[in-house]
Every structure is written in structure tokens, then in C-alpha cells.
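What follows is each chain in one-letter form.
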Amino acid sequence: MSVVMRRIWAGVCLGVLLSGSAGAAMAQMGGRGGGADDDQQAAADRQKKDEEWGNRSLSLKKQKAEGPCPYVKVLYDAARYHQFKNDVQTTAAAMWTGEINGIQSECAYQGTDPIQVGMDISFSLGRGPQAEGQTNVYHYWIAVTERDKTVLAKQEFELPVTFAEGQQRVDVNTRLEGIYIPRKDITISGSNFEVLIGFDVTPQMAEFNREGKHFRYVTPTEQKPAQ
């Protein structure tokens, strides 16, 4: 793996690990049983954190990029996920489905700094009549490429989804930050790169998508009332 690839995905992994660590820390704090001393210490910690971080902006959206952002798009062949029992492509045989509905992205970079990319990804996940259990883990990936050229780096992510009893579809919005794209010099702008997103699909699923086929479960509010 090249130095560029290592630097890009070190940034991605850092962002993900920080989010996970924060969640774990909150869970541990919530599970503790403490008395007055613990409450006073927690209050003191919160006050110290507010003093240190209260006036700082950590949102990528509030930073300004000096040039164009990388192109961010969904790869068509991997935009949808369809798993069928015994590979029979019918609604009755559907197990798990998924669709990437859209992406909103932004970037920030100045001078020779690396390009920082953040994005919100919208998913619609479905549970078909042949699905077993209520929970499925969807796998998707993000790749950074030189525009119309080679893949610089790629990383896979997991998206666990639990469906309520009788629920056929769940809509999920995922926030991802911490994608860093190093630049050799100030003349390299974000328009030289693409960030691609897609499900981890089999060759059969990719062919299914290329043919323009897909199933999408509708919610009760989206169903047309009977005439």
C-alpha cells in the first residue's frame, strides 16, 4: 500500500474509531451506579470540558474550502442490494434489500492541507418474506479514486439494522467524517478526485442492478389509499 493510501485511510479509520469510542464511553457511564461524589465529579468534568471546547467549532460544514470539492457519487452497479432465497428473483423469494437513496457531502482544505470530506448517506433497507430473523448487517464501501483513473484506497463499513415485527422497511441516515485526501501541492484541487459509495454486492447482484431491476418496499404512509 502506498504512502498516500495509508494516509487517506488512517484518517478514515481515525474518524470511525473516535465515534465508536465516544459511544462506548457513554454506554459505560450510563451503566454505572454512583452516589453524590460521582455526580459532583461528573459535573466538574462537564464544566472543564465546556471551558476547553465550548468556543471551538468542530463541524466540517463551517469550514471553507479554497477550491472545488471531490466528486461524490453512488456507483450504479452497487447502488442497490437484493438477496433472494435460492437466487430466485421474485418478490416472494426476497430476503434482504437495500438502496442508497442519496448523498450530501462537503469538503474543507486550505493551502497544502489534505482535503477533508464529510458526508451524509441515506439508506432504505428492506426485509422480505424469506428473511430469517429481524436483524441484518449490510456491508457497504467507500473508495477514493483519481478522477477517471485508478483507485487510491477503499474501505468497507457495516450497517446493522433491526426491523420491528411486521416492519418491511427501515430508512437510515449515516454521517461519515474523517476522509482525508493528501495533496502533493497547492495546485491539486478536489476536482482531481472522486469518492464512490456502494453496497458490497455479488456479480449476480451487480448484473441485476445493471439491468435496471429493483424491489423497494413502501411504508404504510407511502401506500396509495384504496379507491
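Scroll up a little and you will see the structure.
Residues numbered from 1 in each chain as written. Predicted model: local features only at pLDDT ≥ 70, side-chain atom pairs only at ≥ 80, totals over all residues. Heavy atoms only, no water.

Student: Help me understand the overall build of the chain, please; the structure alone is not making it clear to me.
Tutor: A count of helices and strands for the chain gives 3 helices and 8 strands. Secondary structure elements of the chain, listed N to C terminal, follow the sequence α-α-β-β-β-β-β-β-β-β-α. Looking at the chain as a whole, 34% of its 227 residues qualify as buried. Contacts in the chain between residues at least 24 apart in sequence constitute 74% of all its contacts with a sequence separation of at least 6. (Helix = DSSP H or I, 4+ residues; strand = E, 2+ residues; numbered from the N terminus. Buried < 20%, exposed > 50% of the residue type's maximum accessible area, 1.4 Å probe, protein only. Contact = heavy atoms within 4.5 Å.)

Student: Sorry, what's going on with the side chain of arginine 183 here?
Tutor: Take arginine 183: it is sitting in the loop between β7 (169-181) and β8 (193-199). Relative accessible area serves as the criterion here: at 10%, arginine 183 is assigned to the buried category. A polar contact of 2.3 Å, which involves the side chain of arginine 183, links it to the backbone oxygen of glycine 111. For arginine 183, the side chain forms a polar contact with the main-chain oxygen of isoleucine 188, separated by 2.9 Å. Setting aside chain neighbours within four positions, we find arginine 183 in contact with Tyr109, Gln110, Gly111, Thr112, Asp113, Ile115 and Ile188. (Polar contact = N/O pair within 3.5 Å; in protein donor to acceptor, adjacent residues only side chain to side chain.)

Student: Sorry if this is basic, but what is going on with the state of the cysteines here?
Tutor: Joining two cysteines, a disulfide is a covalent bond between their sulfur atoms. In the structure shown here, the tally under the stated rule is 1 disulfide. Put simply, cysteine 69 and cysteine 107 are joined by a disulfide, and their sulfur atoms are 2.1 Å apart. Its S-S torsion of about -85 degrees marks the bond between cysteine 69 and cysteine 107 as left-handed, since a negative value means left-handed. One end of the pair, cysteine 69, is in the loop between α2 (36-53) and β1 (71-74); the other, cysteine 107, is in strand β3 (residues 94-108), and 38 residues separate them in sequence. The class for cysteine 107 is buried, based on a relative accessible area of 6%. (Disulfide = S-S within 2.5 Å.)

Student: Looking at this structure, I do not really get the pairing of strand β6 (residues 151-162). What am I missing?
Tutor: If a strand is regular, its side chains alternate between the two faces of the sheet. The pairing of strand β5 (residues 135-146) with β6 spans 11 bridges and is classified as antiparallel. Residue asparagine 136 lies in a different strand from β6, and its bridge partner there is valine 161. In textbook terms, the turn of a hairpin is the stretch between consecutive antiparallel strands, and for β5 and β6 this stretch comprises 4 residues, one of which, aspartate 148, has a positive phi near 60 degrees. (Pairing = 2+ DSSP bridges.)

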